[in-house]
Amino acid sequence: AQTVTQSQPEMSVQEAETVTLSCTYDTSESNYYLFWYKQPPSRQMILVIRQEAYKQQNATENRFSVNFQKAAKSFSLKISDSQLGDTAMYFCASLSNTGKLIFGQGTTLQVKP
Amino acid sequence: AAGVIQSPRHLIKEKRETATLKCYPIPRHDTVYWYQQGPGQDPQFLISFYEKMQSDKGSIPDRFSAQQFSDYHSELNMSSLELGDSALYFCASSSQALGGYTFGSGTRLTVV
């Protein structure tokens, strides 16, 4: 069974600083997809970034980038130049071969002015 | 661009009542997924449909049932509601051919 683990329940960062959220996963699939979702107070699920396991290059989306370590089954999210609007719950997720997403427990990120 | 539409946005029901949640996927998306997110919890997969057939099933109570209709919209029916069913229910859709995985805004169900 696939599992996703986020070991940081809460994180905080000063505005304009950089923060890294950790995620580890376990899967028996040879090819798979990993995601980071943002859930602000509105509770909307917003896709932040995705990584395809067969691609060695780390995905990047503007201020968001990942550090994908396939052998270690690690998938961390780095947020650069943090903004107040980045305050949210962040979920790491893996996509199963049936299409369902398996989420980690989430990390609450607070960006402080 | 069209998004995944869920209705209603908010729903308040009493214990033992029945609730029906609706989901309208993005046009040309053939797969629908339902998730339940309790307070302070991560979303948990309930059930999915591909081309109107159930494709996968998660931790969905027997009191819940769902189906996907010919126009690809889906409905989640919840009977004999319990206080513990209070949660945010998300629907997501995707296309086997086109990819994509998009969430709706969710239905917040409160059971009193």
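Further up the page is the structure itself.
What counts and how
- Residues numbered from 1 in each chain as written.
- Chains lettered and ligands numbered in written order.
- Predicted model: local features only at pLDDT ≥ 70, side-chain atom pairs only at ≥ 80, totals over all residues.
- Heavy atoms only, no water.
- Core = buried A, V, L, I, M, F, W, Y, C linked by side-chain atoms within 4.5 Å.
- Buried < 20%, exposed > 50% of the residue type's maximum accessible area, 1.4 Å probe, protein only.
- Helix = DSSP H or I, 4+ residues; strand = E, 2+ residues; numbered from the N terminus.
- Salt bridge = Lys/Arg side-chain N within 4 Å of Asp/Glu carboxyl O.
- Phe/Tyr/Trp six-rings, centres within 6.5 Å; stacked < 30°, edge-to-face > 60°.
- Contact = heavy atoms within 4.5 Å.
- Buried area = accessible area lost by both parts, 1.4 Å probe.
- Polar contact = N/O pair within 3.5 Å; in protein donor to acceptor, adjacent residues only side chain to side chain.
- Disulfide = S-S within 2.5 Å.
- Pairing = 2+ DSSP bridges.

Q: Even after reading the chapter, I still don't get the nonpolar core, so can you show me in this structure?
A: Among the nonpolar cores identified, the biggest contains 25 residues, and Trp-36, Phe-75, Leu-77 and Tyr-90 of chain A are the most heavily contacted of them. Counting only elements with at least two residues in this core, the list comes to strand S3 (19–21), strand S5 (33–39), strand S6 (46–52), strand S8 (64–69), strand S9 (74–79), strand S10 (88–95) and strand S12 (107–112) of chain A.

Q: Explain the pattern of salt bridges here, please?
A: Between side chains of opposite charge, a pair can form when the charged atoms approach closely. Overall, the coordinates contain seven salt bridges over all chains when judged by the stated rule. Between Lys-100 of chain A and Asp-56 of chain B there is a salt bridge, with its nearest N and O atoms 3.8 Å apart. Highlighted residues: Lys-100 of chain A in the loop between S10 and strand S11 (101–103) and Asp-56 of chain B in strand S6 (residues 53–57), drawn from two different chains. Residue Asp-85 of chain B is joined to Arg-63 of chain B by a salt bridge in which the shortest nitrogen-to-oxygen separation is 2.8 Å. With Asp-85 of chain B in the loop between strand S8 (74–78) and strand S9 (87–95) and Arg-63 of chain B in the loop between S6 and strand S7 (64–68), this residue pair connects regions lying 22 residues apart in the sequence. Residue classification places Arg-63 of chain B among the partly exposed residues on the basis of a relative accessible area of 21%.

Q: Teacher, can you tell me more about the packing of aromatic side chains here?
A: The relation between two aromatic rings is expressed through the spacing of the ring centres and the mutual angle of the planes. If you walk through the whole model with that rule in mind, you get 14 aromatic pairs over all chains. For the pair Tyr-37 of chain A and Phe-103 of chain A, a centre-to-centre distance of 6.1 Å together with 55° between the ring planes defines the contact as tilted. One end of the pair, Tyr-37 of chain A, is in strand S5; the other, Phe-103 of chain A, is in strand S11, and 66 residues separate them in sequence. With relative accessibility at 1%, the residue Tyr-37 of chain A sits in the buried group. When the centroid spacing of 5.9 Å and the interplanar angle of 45° are considered together, the rings of Tyr-101 of chain B and Phe-103 of chain B count as tilted. Neither Tyr-101 of chain B nor Phe-103 of chain B differs from the other in exposure class; each is buried.

Q: Before we go on, may I ask you to explain the interface of chain B and chain A in this structure?
A: Accessible area lost upon the coming together of the parts serves often as the stated size of an interface. Taken together, the 16 residues of chain B in the interface contact 14 residues of chain A. Three residues, Asp-42, Tyr-101 and Phe-103 of chain B, lead the burial of chain B against chain A; their summed loss comes to 33% of the area buried on that side. In this structure, the connection of chain B to chain A is made through one salt bridge. Joining chain B to chain A, the criterion identifies six residue pairs in polar contact (both at pLDDT 80 or more).

Q: Any chance you could explain the state of the cysteines here in plain terms?
A: One covalent bond between the sulfur atoms of two cysteine residues makes up a disulfide. Summed over the entire model, instances satisfying the criterion amount to two disulfides over all chains. The side chain of Cys-23 of chain A participates in a disulfide bridge whose partner is Cys-92 of chain A; the two sulfur atoms lie 2.0 Å from each other. Judged by the sign of its S-S torsion, about -70°, the bond between Cys-23 of chain A and Cys-92 of chain A is left-handed. On the criterion of sequence distance, the pair formed by Cys-23 of chain A in the loop between S3 and strand S4 (24–26) and Cys-92 of chain A in strand S10 is long-range, its members being 69 residues apart. For the pair formed by Cys-23 of chain A and Cys-92 of chain A, the shared burial category is buried. Here Cys-23 of chain B is linked by a disulfide to Cys-91 of chain B, with a sulfur-sulfur distance of 1.7 Å. Between Cys-23 of chain B and Cys-91 of chain B the disulfide shows an S-S torsion of about -55°. By sign, it is left-handed. Separated by 68 residues along the polypeptide, Cys-23 of chain B in strand S3 (residues 19–24) and Cys-91 of chain B in strand S9 bring together distant segments of the chain.

Q: In this structure, what is going on with the side chain of Thr-107 of chain A? I would like to understand it.
A: Residues and elements named next belong to chain A. Looking at where Thr-107 falls in the secondary structure, it is placed in strand S12. Of the polar contacts made by the side chain of Thr-107, one reaches the side chain of Gln-6; its length is 3.3 Å. Residue contacts for Thr-107: discarding those within four places in its chain leaves Gln-6, Gln-8, Pro-9, Glu-10, Met-11, Leu-21, Ala-88, Met-89 and Tyr-90.

Q: Looking at this structure, how should I read the pairing of strand S5 (residues 44–50) of chain B?
A: Walk down a regular strand and you will see the side chains alternate between the two sheet faces. Residue and element names in this part refer to chain B. Taken across its seven residues, S5 has five buried, putting it largely inside the fold. Pairing of strand S4 (residues 31–37) with S5, which is carried by six bridges, proceeds in the antiparallel orientation. When the bridges of S5 are listed, Tyr-35 appears paired with Phe-45. Once S4 ends, the chain turns through six residues before running back antiparallel as S5, passing Gly-40 with a positive phi of about 70°. Sheet analysis places S5 next to S6, joined by four bridges and oriented antiparallel.

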